[in-house]
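Overview (structure and organization)
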Amino acid sequence: MRTRLLALVLLMLLAGCSSGGTRDDGRITLRFQSLAWQEESVAANKQLVKEWNATHPDVRVEYVQGSWDSVHDQLLTAFEGGEAPDIIHDASDDLADFAYGGYLADLTGLLPARLKSGIPQRSWEATTFGDGVYGVPFLQEPRVLIANATWLRKSGVRIPTPDKPWSWAEFRRITERLGGRGKYGVAWPLKEPVSATLNLSLSAGGQLFHRGPDGKVTVRFQAADQVVPRTVHAQANTDRSASPTTLGSGGSDTLPGFFAGRYAMVPLGFSYRQQIVQQAPKGFDWQVLPAPAGVGGLAQGVSPQTLSVAEDCPHKKEAAQFLDFFLRPPNMVRLALGDWMLPTGTEALKDPALHRTKDGWATGTALAGHLRPAPAQSVRGYPEWKDKVATPALQEYYSGAIGIDELRRRLEEDGNLVLARYQR
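Residues numbered from 1 in each chain as written. Predicted model: local features only at pLDDT ≥ 70, side-chain atom pairs only at ≥ 80, totals over all residues. Heavy atoms only, no water.

A look at the overall build of the protein chain
We apply this condition: Only runs of H or I of at least four residues qualify as helices and only runs of E of at least two qualify as strands under DSSP, and these elements are numbered from the N terminus. Accessibility here uses a 1.4 Å probe with only protein chains present; expressed as a share of the type maximum, an area under 20% marks a residue as buried, one over 50% as exposed, and anything in between as partly exposed. A contact between two residues is defined here by any heavy atoms of the two lying within 4.5 Å. Computed with a 1.4 Å probe, the accessible areas rest on the Shrake-Rupley method; for each residue, only the protein chains presented here act as cover.
Helix and strand content of the protein chain: 18 helices and 17 strands. Its C-alpha atoms put the protein chain at 75 × 50 × 50 Å along the principal axes. Here the protein chain holds 424 residues, and the buried ones make up 53% of them. When contacts within the protein chain are restricted to residue pairs at least 6 apart in sequence, long-range pairs at least 24 apart make up 74% of them. Here the protein chain has roughly 18,900 Å² of accessible surface; of this, 52% comes from carbon and sulfur atoms.

So, in structure tokens, the structure goes:
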């Protein structure tokens, strides 16, 4: 009896872990692993799955909750074990190794024309590897400055707009003017410094990763790539206008000090506005400002959230049909509002709900046309380069432990040794 019971439990567990398939009654089941985590976002995702299931009785989608904290390792284990979900929520900067490794389906011939034409080509570039498209980019998040509106108004500084942003030099001068007496003009949360540095550097004309005629990528840390790091380093170590204690913090860690009036501004992802709305003290006046601009204007790198289909999925056509439903313009708006982000779709971006001045929506939407794929999107070996080379090197530079020449040496010499292993 106990043996039979154990066998039954094992069968149930295997059934729960296996990829989607066809049941005895002919109905297809697709497993959709979502990384939505905010309450509004989870609700929007689950409601769309419910609406699909209500209108597609022969293709049932099963919602599976995933986590951003462990998605890469979890997916790698699932792929290698043949137990990956059929429809995969991830971010574009995590797709390269999975795409080149043969774990994701090429969606080129599967996606309907409406979905392909409704998203700008610059966004598709974030999920294109070689000759294939391995994900649908659907949500994106610019970095903005969240500012204490009362503080800025009393200081008399010029308030930037998307039409007339601050330059990086002006931003440095203003943060120095705002700081002093135990307060700081800016708090940089740089616990994870690489993506912030690389993505904002596009505004200064930075590129960092250079692909040669042979297709191989090398790192070159040139003058344009140094504008943003030098600004942050000067604010923290020379001007003392940036809080030194937040350099090792995450974005959420800076909010209590921001609300308490210790920092005039915090550079954060656009979605942090939801936390500010939920946590700010009554009467706290804040506003959203565009990030500084350089020779590249307001250009900024982003790694859009993506939806992919596993190569092992036995029902790729039906999975693509679900993506088409899930990402119709009205649905994309619902997902964007739930995540407090911007949709990639041009039709969705026109929705009036995304152009309100309240909570800074209009400022974020004005930046949408300036967003570009993050510089590292197609670089194989980027996760290892980021974790083992770039993160510790930038952390030490921002804290003042090393200078710009040593930072350049480590990013280039040590970094290129890492990348070379992936490009043989």
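And the narrative resumes.
As for the sheet that holds strand E8 (residues 143–148)
Here is the rule: When DSSP locates at least two bridges between a pair of strands, those strands are taken to pair. Where helices are involved, their axes are fitted lines through C-alpha atoms of the stretch in contact, as for all axes, and angles between N-to-C directions lie from 0 to 180°.
Taken in spatial order, the 4 strands make up an open sheet running E9-E12-E8-E13, and their pairing is mixed. Each having just a single partner strand, strand E9 (184–186) and strand E13 (286–290) make up the two edges of the open sheet. Recorded for the sheet is a direction-independent mean angle of 30° between the axes of neighbouring strands. Bridge count between E8 and E13: 5 bridges; the pairing is antiparallel. For Val144, the partnering residue across the bridge sits in E13 and is Pro290.

Focus: the pattern of salt bridges
The test is simple: The rule for a salt bridge is simple: a side-chain nitrogen of Lys or Arg has to be within 4 Å of a carboxyl oxygen of Asp or Glu.
Considering all chains together, one arrives at 14 salt bridges under this definition. Here Glu347 makes a salt bridge to Lys350, at a shortest N to O gap of 3.6 Å. For Glu347, a relative accessible area of 48% puts it in the partly exposed group. One salt bridge connects Asp414 with Arg409, and the closest N-O pair in it is separated by 3.3 Å. Arg409 gets classed as partly exposed once you look at its relative accessible area, which sits at 29%.

Describing the nonpolar core
What counts, and what does not: Put simply, buried Ala, Val, Leu, Ile, Met, Phe, Trp, Tyr and Cys residues joined by side-chain atoms within 4.5 Å make one nonpolar core.
Membership of the largest hydrophobic core comes to 47 residues, with the highest contact counts inside it found for Leu152, Trp188, Phe209, Met265, Trp385 and Leu407. Per-element tally for this core: the top contributor is helix H17 (residues 382–399), with 8 residues. When residues no more than four places from it in sequence are discounted, the contact partners of Trp188 are Trp168, Phe171, Leu200, Val232, Gln235, Ala242, Thr246, Leu247 and Pro267. Residues Leu30, Ala319, Phe322 and Leu335 belong to the second largest nonpolar core, which totals 38 residues.

Observations concerning the pairing of strand E2 (residues 28–34)
In terms of burial, E2 is largely enclosed, as 7 of its 7 residues are buried. On E2, burial covers both faces: Ile28, Leu30, Phe32 and Ser34 on one face and Thr29, Arg31 and Gln33 on the other are all buried. The pairing of E2 with strand E3 (residues 59–65) spans 7 bridges and is classified as parallel. Looking across to E3, one finds that Phe32 is bridged to Tyr63. Here E2 pairs with strand E4 (residues 87–91) via 2 bridges, running parallel. Each residue of the ladder has a partner; that of Phe32, found in E4, is Ile87.

With respect to the packing of aromatic side chains
As a reminder, the rule being used: Note on aromatic contacts: the rings of Phe and Tyr and the six-membered ring of Trp form a pair at centre separations within 6.5 Å, being stacked when their planes are under 30 degrees apart, edge-to-face when over 60 apart, and tilted otherwise. We call a charge positioned over a ring when the NZ of a Lys or the CZ of an Arg lies within 6 Å of the ring centre and within 35 degrees of the ring normal.
This structure, assessed with the given rule, holds 23 aromatic pairs. Measuring from centroid to centroid gives 6.3 Å for Phe209 and Tyr382, while their planes differ by 80°, and the two rings are edge-to-face. Highlighted residues: Phe209 in strand E10 (residues 209–211) and Tyr382 in helix H17, separated in sequence by 173 residues. In this structure, Phe209 and Tyr382 share a single accessibility class: buried. Aromatic rings pair up to connect Phe32, Trp52, Tyr63, Phe322, Phe325 and Phe326 into one cluster. Its end group placed over the ring of Trp151, Lys183 keeps NZ or CZ at 5.6 Å from the ring centre. Against the face of Phe270 rests Arg273, its NZ or CZ located 3.6 Å from the ring centre.

Here we look at the confidence of the model for the protein chain
Here is the rule: A residue's pLDDT is the predictor's confidence in that residue, given on a scale from 0 to 100.
Averaged over the protein chain, the pLDDT score is 93; the fraction of residues at 70 or greater is 94%. Low confidence marks residues 1–19, where pLDDT is under 50. Its contacts with residues over four positions away, or in another chain, come to 7 contacts.

Points about unusual backbone geometry
Phi at Arg240 is positive, roughly 60°, even though this residue is not glycine. Checked against the element boundaries, Arg240 lands in the loop between helix H10 (223–237) and helix H11 (255–259). A relative accessible area of 53% places Arg240 in the exposed class. With phi around 60°, Trp340 is a residue other than glycine that occupies positive phi space. When you line up the elements, Trp340 lands in the loop between helix H14 (329–339) and strand E16 (342–343). A residue is classified by how much of its surface remains accessible, and Trp340, at 9% relative accessible area, is buried.

As for the packing of helix H9 (residues 193–201) against H17
Quick reminder of the rule: Angle categories are assigned with fixed cut-offs, so that under 35 degrees is roughly parallel, over 145 is roughly antiparallel, 65 to 115 is roughly perpendicular, and the rest are oblique. Gly falls in the polar group here, along with every residue not listed as nonpolar (Ala, Val, Leu, Ile, Met, Phe, Trp, Tyr, Cys, Pro) or charged (Asp, Glu, Lys, Arg).
Packing of H9 against H17 leaves a shortest axis separation of 8 Å and a crossing angle of 85°. Our classification of the angle between H9 and H17 gives roughly perpendicular. In contact with Pro193, Val194, Ser195, Thr197 and Leu198 of H9, H17 contributes Tyr382, Trp385, Lys386, Ala390, Thr391, Leu394, Gln395 and Tyr398. Across the contact of H9 with H17, the residue classes tally to 8 nonpolar, 4 polar and 1 charged.

Here we look at the environment of Gly132
With respect to the helices and strands, the residue Gly132 is situated in strand E6 (residues 132–133). Classification of Gly132 as buried rests on a relative accessible area of 1%. On a C-alpha basis, the gap between Gly132 and Gly109 in space is 9.5 Å, while along the polypeptide they are 23 residues apart. Apart from residues no more than four positions distant in its own chain, Gly132 is found in contact with Asp106, Thr108 and Thr127.

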